[in-house]
Amino acid sequence: MSKQKPSIPKGTRDFGPEQMIRRNYILQVIKRTFEKFGFLPIETPSMENLDVLMGKYGDEGDKLLFKILNSGDYMKNVGPDDEFNSIKILPKIAEKGLRYDLTVPFARYVAMNQGTISFPFKRYQIQPVWRADRPQKGRYREFYQCDADVVGTDSLICEAENVLMINEVLTSLGFQDFTIKINNRKILTGITEVIGAKGREAEFCVAIDKLDKIEKKKVIDELVEKGFGKTSIKNIDPFLELSGDNNTLLNKLKELLNDSETGMKGIQEIKAILGYLKDFDYSQKNLSIDLTLARGLTYYTGAIFEVVSNDSSITSSISGGGRYDDLTGVFGLEGVSGVGFSFGIERIYDIMEEKNLFPDENLTTTKVLLANFDEESERYSLSILNQLRNSGISSEIYPESTKLKKQMNYANRKNIPFVLMIGSKEIESQLFSLKNMNTGEQKELDLKNIIEELK
RNA sequence: GUGGUUGUAGUUCAGCUGGUUAGAACGCCUGAUUGUGGUUCAGGAGGUCGCCGGUUCGAAUCCGGUCUUCCACCCCA
């Protein structure tokens, strides 16, 4: 057998112990916050039936879905009629695919379990998703999403609570300078109505969303290219020039959108959300209304959120979400409104690493290593080890008796703060040598005192 | 999907216009120290130069393909 070089698929990653400890730290903060606000966890399968996934993310999305070949002789249904045409062949060779996000599987879950779910239903879900995208900076083919959604109510308290949760998670993780941007799809719809481009909202959103990345002129060019008329373009300008704090912004917007019923509704919604946040005693310092925030996703119908970190090299969003009025409709459950958001933990991780926000004590778990001198020492140590563990002290024994040097080296590299030495001398005297690896200091103590010392 | 970029020891990288035996640093192993790590010193092991093919007397080096890496676009977390 020829040796092969090990490798992993493009766009996937291994996570080593130190990375996992840090990832788990982030996830634990997120979970704790979600649960504090009354959200409960669910999980759905990695794979869904393709008809659940296909057509939910646009043509582009269908291409980016990982499809799973049928088991057994997957070519058995393919015949000459199929002419090597991949579109004709696909449904015959694959009926399952890997999930592309957590939102569609959640909608499927709600529709399937509507009989047993009591609404409003608040769930959170933290699982990997897969996209056959071309990987690049901060983008992978396998990555985690952390979603929290509440469905079955259109109360704007949910939106306000989203802001509170985002703020709590990021603050707990040590983020200091971030902005929670908020906008409303109805306002964007209102703008398209007022500028005389009614019904072209989707194209408008995709273009306008780029304003924070590329200059205004290029966005205008894109709109022109998409066929927006001259008067429409001219009418957009007052909206793009709006400035001021949240309240003045809303007041100016009110005048501009006076003729659009939908637009006015959007303004009311934002006002209501700000009102709730005031009742929650939320300072709103880092909350900013941003009319250029659109988010490409077409299913949003009300509030939309996005969060950016202001003091790091990563400028893309670390969290985002919004309200959707009819996510479960395609699965036969009509009229269920929901609002949800998601954390991008890969980016949060990168920013925390850049800004050194991970606490040090997370780096090691073992508190004490028991040295292994010989067979007698080994057998005697196991009972000591057991008593240490029963006292709640993370401890391990070097699993074979070898040179002490090697064992000390192991402790050193694993960042284990104490080494306990139990050789024939110690067994006889019942006083064990406890070495502090940071100071080099070594004490002879009995077991009771050792446990005290390590607790 | 489009355009560019990268690939040499476990890791980070040298290796000139093709020319004997492909180097360094760090890491790893052994010893100085057979019951004491992180420092020091001495020694050692590790490479079909991503893979396949071509040009050539001769290829890590030039050419083609392929895979991979990273980046930009589309799109998105």
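What counts and how
- Residues numbered from 1 in each chain as written.
- Chains lettered and ligands numbered in written order.
- Predicted model: local features only at pLDDT ≥ 70, side-chain atom pairs only at ≥ 80, totals over all residues.
- Heavy atoms only, no water.
- Domains from an automatic or database assignment.
- Patch = residues over 30% accessible without salt bridge, like charges linked within 9 Å, V, L, I, M, F, W, Y side chains within 5 Å.
- Areas by Shrake-Rupley, 256 points an atom, 1.4 Å probe, with all protein chains shown as cover.
- Salt bridge = Lys/Arg side-chain N within 4 Å of Asp/Glu carboxyl O.
- Helix = DSSP H or I, 4+ residues; strand = E, 2+ residues; numbered from the N terminus.
- Buried < 20%, exposed > 50% of the residue type's maximum accessible area, 1.4 Å probe, protein only.
- Phe/Tyr/Trp six-rings, centres within 6.5 Å; stacked < 30°, edge-to-face > 60°.
- Pairing = 2+ DSSP bridges.
- Contact = heavy atoms within 4.5 Å.
- Axes fitted to C-alpha atoms, helices over the stretch in contact; angles between N-to-C directions.
- Near = heavy atom within 4 Å.
- Polar contact = N/O pair within 3.5 Å; in protein donor to acceptor, adjacent residues only side chain to side chain.
- Nonpolar A, V, L, I, M, F, W, Y, C, P; charged D, E, K, R; others polar.
- Parallel < 35°, antiparallel > 145°, perpendicular 65-115°, else oblique.
- Left-handed = near helix turned anticlockwise from the far one by under 90°.
- Lys, Arg positive; Asp, Glu negative; His and termini not counted.
- Charge placed at Lys NZ, Arg CZ, Asp CG, Glu CD.

Focus on the domain arrangement of chain A
For chain A, the assigned domains read domain 1 (17-45 + 100-354), domain 2 (47-98) and domain 3 (364-454). The gap between the C-alpha centroids of domain 1 and domain 3 is 52 Å.

Thoughts on a nonpolar patch on the surface
A contiguous nonpolar surface patch, about 280 Å² in accessible area, is contributed by Leu 69, Tyr 74 and Met 75. Within the element layout of this structure, Met 75 appears in the loop between strand S3 (67-69) and helix H4 (86-93). Under the relative-accessibility criterion, Met 75 is labelled partly exposed at 44%.

Brief notes about the packing of aromatic side chains
This model, assessed by the stated rule, comprises 15 aromatic pairs. Consider the rings of Phe 204 and Phe 228, whose centres lie 6.5 Å apart with planes at 40 degrees: the pair is tilted. Of this pair, Phe 204 sits in helix H8 (residues 201-208) while Phe 228 sits in the loop between helix H9 (216-225) and helix H10 (230-240); the two residues are 24 residues apart in sequence, bridging distant segments of the chain. For Phe 204, a relative accessible area of 2% puts it in the buried group. For Phe 228, a relative accessible area of 5% puts it in the buried group.

Considering the sheet that holds strand S9 (residues 303-309)
Taken in spatial order, the 8 strands of this open sheet run S1-S5-S6-S11-S10-S9-S7-S8, and their pairing is mixed. For this open sheet the edge positions go to strand S1 (40-41) and strand S8 (287-289), each flanked by a neighbour on one side alone. Two elements, strand S10 (residues 319-324) and strand S11 (residues 338-343), share 6 bridges in a ladder whose sense is antiparallel. Each bridged residue has a counterpart across the sheet, and for Ser 319 the counterpart in S11 is Phe 343. Packed onto the sheet, helix H13 (residues 345-354) meets strand S6 (142-151), S9 and S11 and runs at close to 115 degrees relative to S6.

Some thoughts on the side chain of Thr 103
Along the chain, Thr 103 turns up in helix H5 (residues 103-112). Leaving out residues up to four positions away in the same chain, Thr 103 has contacts with Asp 147, Tyr 299 and Leu 327.

Concerning the protein's contact with RNA strand B
Taken together, 37 residues surround RNA strand B, and among them Arg 131, Lys 137, Arg 139, Arg 347 and Glu 426 come closest. Close to the protein, within 4 Å, the atoms of RNA strand B are drawn from sugar and phosphate at a rate of 45%. Separating a base nitrogen of RNA strand B from a backbone N or O atom of Tyr 140 is a distance of 2.7 Å. Where the surface near RNA strand B is concerned, the elements lending two or more residues are S6, helix H15 (404-413) and helix H16 (424-429). Its residues assigned to classes, the surface near RNA strand B shows 9 nonpolar, 13 polar and 15 charged.

Focus: the packing of helix H1 (residues 17-36) against H13
Viewed as axis vectors pointing N to C, H1 and H13 meet at an angle of 115 degrees, and their least axial separation amounts to 11 Å. One way to sum up the angle between H1 and H13 is to call them roughly perpendicular. Of the two elements, H1 crosses H13, and the hand of that crossing is right-handed. The residues of H13 that touch H1, namely those facing Gln 19, Arg 22, Arg 23, Tyr 25, Ile 26, Leu 27 and Ile 30, are Ile 345, Glu 346, Ile 348, Tyr 349, Met 352 and Glu 353. The class makeup of the residues in the contact of H1 with H13 is 8 nonpolar, 1 polar and 4 charged.

Thoughts on the side chain of Asn 70
Structurally, the position occupied by Asn 70 is in the loop between S3 and H4. Among the polar contacts made by the side chain of Asn 70, one reaches the main-chain carbonyl oxygen of Lys 92 at a distance of 3.5 Å. Of the polar contacts made by the side chain of Asn 70, one reaches the backbone nitrogen of Glu 95; its length is 3.0 Å.

Topic: the pairing of strand S14 (residues 418-421)
Across the two faces of S14 the burial is the same, with Phe 418 and Leu 420 and Val 419 and Met 421 all buried. In the sheet, strand S12 (residues 368-370) pairs with S14 via 3 bridges, with the strands oriented parallel. Note that in S14 the partner of Leu 369 across the bridge is Val 419. In terms of strand pairing, S14 meets strand S15 (residues 432-436) through 4 bridges, oriented antiparallel. If you follow Leu 420 over to S15, its bridge partner there is Leu 434.

Some points on a negative patch on the surface
On the surface, Asp 154, Asp 325, Asp 326 and Glu 334 cluster together into a negatively charged patch. With respect to the helices and strands, the residue Glu 334 is situated in the loop between S10 and S11.

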